[in-house]
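# Coordinates in review
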Amino acid sequence: MGNKNQSLEEEEDWGMKSWKNLEKVGEKSPLIQCITNYVSMDLVANTLLASGASPAMLHCLQEIPDFTPHADALCLNVGTLSPDWLPSMKSAAELVNELGKPWVFDPVAVSASDFRLKTCIELVGLKPAVIRGNASEILALANASRDTHTSKGADSSHGSMDAIEAAKSLAIASGAVVAVSGAVDIITDGQRLVGVHNGVAMMQRITATGCAVTALIAAFVAVDPLHAFEATASALSIFGVAGEIGMDMAEGPASLRMHLLDSLYGLDQATILSRVNISCMSRAS
Ligand SMILES: Nc1ncnc2c1ncn2[C@@H]1O[C@H](COP(=O)(O)OP(=O)(O)O)[C@@H](O)[C@H]1O
Ligand SMILES: Cc1ncsc1CCOP(=O)(O)O
Ligand SMILES: [Mg+2]
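Residues numbered from 1 in each chain as written. Chains lettered and ligands numbered in written order. Predicted model: local features only at pLDDT ≥ 70, side-chain atom pairs only at ≥ 80, totals over all residues. Heavy atoms only, no water.

- In the annotation of an unreviewed UniProt entry, the entry for the protein reads Hydroxyethylthiazole kinase, and the organism field reads Papaver somniferum.
- Among the UniProt annotations of the protein, the heading Function (unreviewed entry) holds the following wording: "Thiazole kinase involved in thiamine salvage pathway."
- As its UniProt record puts it under Sequence similarities (unreviewed entry), the protein is described as follows: "Belongs to the Thz kinase family." (UniProt positions renumbered as here; feature names shortened; annotations may be inferred.)

Below, the structure written as structure tokens:
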């Protein structure tokens, strides 16, 4: 009985935390600079706008000294990496670090090439507040080794549960909160570990939903930088809830994309309190 009450309290607490974070994003409309891949630019910008945040997709090196100091958080994504974007990524990350603002990293398809793996390792060295990837990406990054056998590019060949230990070790080694997306999203800071049981499988059939939720995490961390772990779990849960509600109206990936954005825009407190499903998975050993 005691345990049941305790777990109910935890669930209610996560619902309220998630609502408060979304409410803060709406009130503060944080400016999120995104240096992201060509595929994701549209969905990332629209996801941020639907949540109440303000996106800016700027990647020109010469603009970073003027613009980046105005951003409340930075989101870096290597999905369509090329060497000429790398100086901008590094310069923006170093600048937000100097200014004490958070940045969030998405190591899309880290196993694609030696160049991409080396770049991702260098970027992790620039101290992101949060790293969000799918299970295959987090496994490869944690092991600093390309998965050339089962790698499927930007899509995962593993379930999120397969990457729990990798996520913990990456979190400890990097100092970042690490999130592994999937049927259950796993979030850890190396000590705490929670699972987010929201979302629908069809979200994997829309390109850039992973990139979009990484940017949403940046918006949530921007409004609560001292609680990156809670902000990350909240953002993943809220995005999943938007997917669940969107799926009720969708006929396939294209209409889910539209309804997910509409649902994210329309979320209210009662819906969030009743649908957020985050549970504690373990404590540090
Ligand atoms: N099987 C699933 N069931 C529910 N939600 C899922 C499932 N797979 C992915 N998602 C959700 O889809 C979004 C994108 O995750 P994912 O597909 O793992 O990222 P990526 O595009 O980087 O591979 C996340 O919000 C995640 O929670
Ligand atoms: C398909 C693809 N190719 C390079 S970047 C990209 C988008 C990947 O987005 P996500 O990892 O969020 O599905
Ligand atoms: Mg995807």
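### Considering the site of ligand 1
- Near ligand 1 there are 16 residues, and of these Arg132, Asn134, Ser181, Asp185 and Gln204 occur at the shortest range.
- Between ligand 1 and Arg132 there is a distance of 3.0 Å, counted from an oxygen atom to a side-chain nitrogen or oxygen.
- Contacts to ligand 1 include Asp185, whose side-chain N or O atom sits 2.7 Å from an oxygen atom.
- Taken by itself ligand 1 offers 550 Å² of open surface, and the protein chains cover 88% of this.
- Counting atoms within 2 Å of the grid points, the majority share of ligand 1 lands in the largest pocket.
- Elements that contribute at least two residues to the shell around ligand 1 include exactly strand S5 (130-134) and helix H8 (209-223).
- Here the residues of the shell around ligand 1 are counted per class, giving six nonpolar, eight polar and two charged. (Near = heavy atom within 4 Å. Polar contact = N/O pair within 3.5 Å; in protein donor to acceptor, adjacent residues only side chain to side chain. Areas by Shrake-Rupley, 256 points an atom, 1.4 Å probe, with all protein chains shown as cover. 1 Å grid on protein atoms, 1.4 Å probe; cavity = no way out; pocket = protein on both sides within 12 Å on 5 of 7 lines; lining within 4 Å. Sits in = over half its atoms within 2 Å of the grid points. Helix = DSSP H or I, 4+ residues; strand = E, 2+ residues; numbered from the N terminus. Nonpolar A, V, L, I, M, F, W, Y, C, P; charged D, E, K, R; others polar.)

### As for the side chain of Thr188
- With respect to the helices and strands, Thr188 occurs in strand S7 (residues 185-188).
- Owing to a relative accessible area of 0%, Thr188 belongs among the buried residues under this scheme.
- A distance of 2.9 Å separates a polar atom in the side chain of Thr188 from the backbone nitrogen of Gly190.
- Within the local environment of Thr188, its side chain forms a polar contact with the backbone oxygen of Arg192, the two atoms lying 2.8 Å apart.
- Once you skip the residues sitting within four places of it in the chain, Thr188 turns out to touch Ala167, Lys168, Ala171, Ala176, Val177, Val178, Leu193 and Phe229. (Buried < 20%, exposed > 50% of the residue type's maximum accessible area, 1.4 Å probe, protein only. Contact = heavy atoms within 4.5 Å.)

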